[in-house]
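Each chain is listed here by its residues.
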Amino acid sequence: MRRGGACASPSLYRGGSMLEVGKNTYVTIEEADAYIAENYSEKNILRAHWTVSPDEYKEQYLRKSMIEIESLPFVGRKTIWSGELQFPRTLLNAPLYVRRSPIYLLYNRNDCEVPKEVKEAEIENALGIIQKSYRPTSKAAVLSALGLVPVFSQESGKLSSEKAERLLKPFLGTIKA
């Protein structure tokens with residue numbers, strides 16, 4: 001129990017470390033494992049790295065990913081004002097023309113849930129952090145040419161993954177009429 005009698009939020013306690021959904025992550029390690037297994041081939045080097053990494057490293061990747069994501073300027077406001085994370089968010093009290101916008105509908109599918117795109121972006125960004133740790137070598141160039149490792153590119157923005165940036169793009173910037 002916390003002060004004031006409120007119940008503590010559920011957490012994942014693993015070997016002395018803790019990930020708390022809604023407090024310092026949007027996804028669990030198990031959700032990330034399932035997403036990566038579903039979306040990346042067994043021969044992909046990022047999937048292989050993730051699979052053999054101990055849970056402590058996976059937690060670090062997810063936390064670093066959260067730090068990058070949470071620093072972005074999202075549109076709208078937090079649905080839960082006292083929440084520690086940027087999502088769930090809402091665009092309530094928006095003008096009528098904005099309510100017809102696909103972005104408004106994207107935000108307001110369910111005010112109490114984190115959008116699937118945000119969860120996927122956290123996982124993709126964690127993989128981007130892993131990718132940045134690799135040094136381009138002749139072996140990496142060969143693996144890249146074979147399609148087994150993503151092509152190394154210059155930093156495109158604040159996130160470590162271009163795919164994560166694409167997933168979060170609808171939640172950033174301004175809404176136009």
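See the structure shown above.
The model shown is predicted, which means the values in this text are computed figures rather than measured ones.

Colleague: Is there a simple way to explain the pattern of salt bridges in this structure?
Modeller: Across all of its chains, the model carries five salt bridges by this definition. The salt bridge involving Lys23 is made with Glu84; its shortest N-O contact spans 3.7 Å. Of the two residues, Lys23 is situated in the loop between strand E2 (17-19) and helix H1 (29-39) and Glu84 in the loop between strand E3 (77-78) and strand E4 (89-90); the sequence distance between them amounts to 61 residues. Judged by its relative accessible area of 31%, Lys23 is partly exposed. Across the pair Glu124 and Lys163 runs a salt bridge whose closest N-O atoms are separated by 3.4 Å. In this pair, Glu124 sits in helix H6 (residues 116-133) while Lys163 sits in helix H8 (residues 162-168), placing the two residues 39 residues apart along the sequence. For Lys163, a relative accessible area of 33% translates into the label partly exposed.

Colleague: When you look at helix H3 (residues 55-70) in this model, what are you seeing that I'm missing?
Modeller: Structurally, the α-helix is built with 3.6 residues per turn, so residues lying three or four positions apart point the same way. Given a rise of 1.5 Å per residue, 16 residues ought to cover 22 Å, and the 22 Å separating the end C-alpha atoms of H3 matches this to within 8%. Here H3 has its buried residues at Lys58, Glu59, Tyr61, Leu62, Ser65, Met66, Glu68, Ile69 and Glu70.

Colleague: Looking at this model, I keep getting lost on the environment of Thr51. Mind explaining?
Modeller: Residue position: Thr51 is located in helix H2 (residues 45-52). Using a relative accessible area of 51% as the deciding quantity, one classes Thr51 as exposed. The spacing of Thr51 and Asp33 is 18 residues in sequence and 7.6 Å in space, taken between C-alpha atoms.

Colleague: Looking at this structure, how should I read the packing of aromatic side chains?
Modeller: How two aromatic rings sit relative to each other is given by the distance of their centres and the angle of their planes. Tallied over the entire structure, the rule returns three aromatic pairs. Taken together, a centroid distance of 4.8 Å and an interplanar angle of 75° make the contact between Phe74 and Phe87 edge-to-face. Placement of Phe74 in the loop between H3 and E3 and of Phe87 in the loop between E3 and E4 is noted, with a sequence separation of 13 residues between them. Three or more aromatic residues link up through ring pairs in this structure, and these residues are Tyr26, Phe74 and Phe87.

Colleague: Which parts of the structure should I look at to understand the nonpolar core?
Modeller: Buried together is how nonpolar side chains tend to be arranged in soluble globular proteins. With 16 residues, the main nonpolar core has Ile36, Trp50, Tyr61, Leu62, Ile123, Leu127 and Ile130 as its most contacted residues. Counting residues per element, the ones that place at least two in this core are H1, H2, H3 and H6. Per-element accounting of this core gives the leading share, five residues, to H6. Residue contacts for Ile123: discarding those within four places in its chain leaves Val27, Glu31, Ala32, Tyr35 and Ile36. With 15 residues, the next largest nonpolar core counts Tyr26, Met66, Leu159 and Phe171 among its residues.

Colleague: Teacher, can you tell me more about the environment of Ile67 here?
Modeller: Mapped onto the secondary structure, Ile67 falls in helix H3. Here the alpha-carbon distance between Ile67 and Leu159, two residues 92 residues apart in the chain, equals 9.6 Å.

Calculation notes
- Residues numbered from 1 in each chain as written.
- Predicted model: local features only at pLDDT ≥ 70, side-chain atom pairs only at ≥ 80, totals over all residues.
- Heavy atoms only, no water.
- Salt bridge = Lys/Arg side-chain N within 4 Å of Asp/Glu carboxyl O.
- Helix = DSSP H or I, 4+ residues; strand = E, 2+ residues; numbered from the N terminus.
- Buried < 20%, exposed > 50% of the residue type's maximum accessible area, 1.4 Å probe, protein only.
- Expected span 1.5 Å × (residues − 1).
- Phe/Tyr/Trp six-rings, centres within 6.5 Å; stacked < 30°, edge-to-face > 60°.
- Core = buried A, V, L, I, M, F, W, Y, C linked by side-chain atoms within 4.5 Å.
- Contact = heavy atoms within 4.5 Å.

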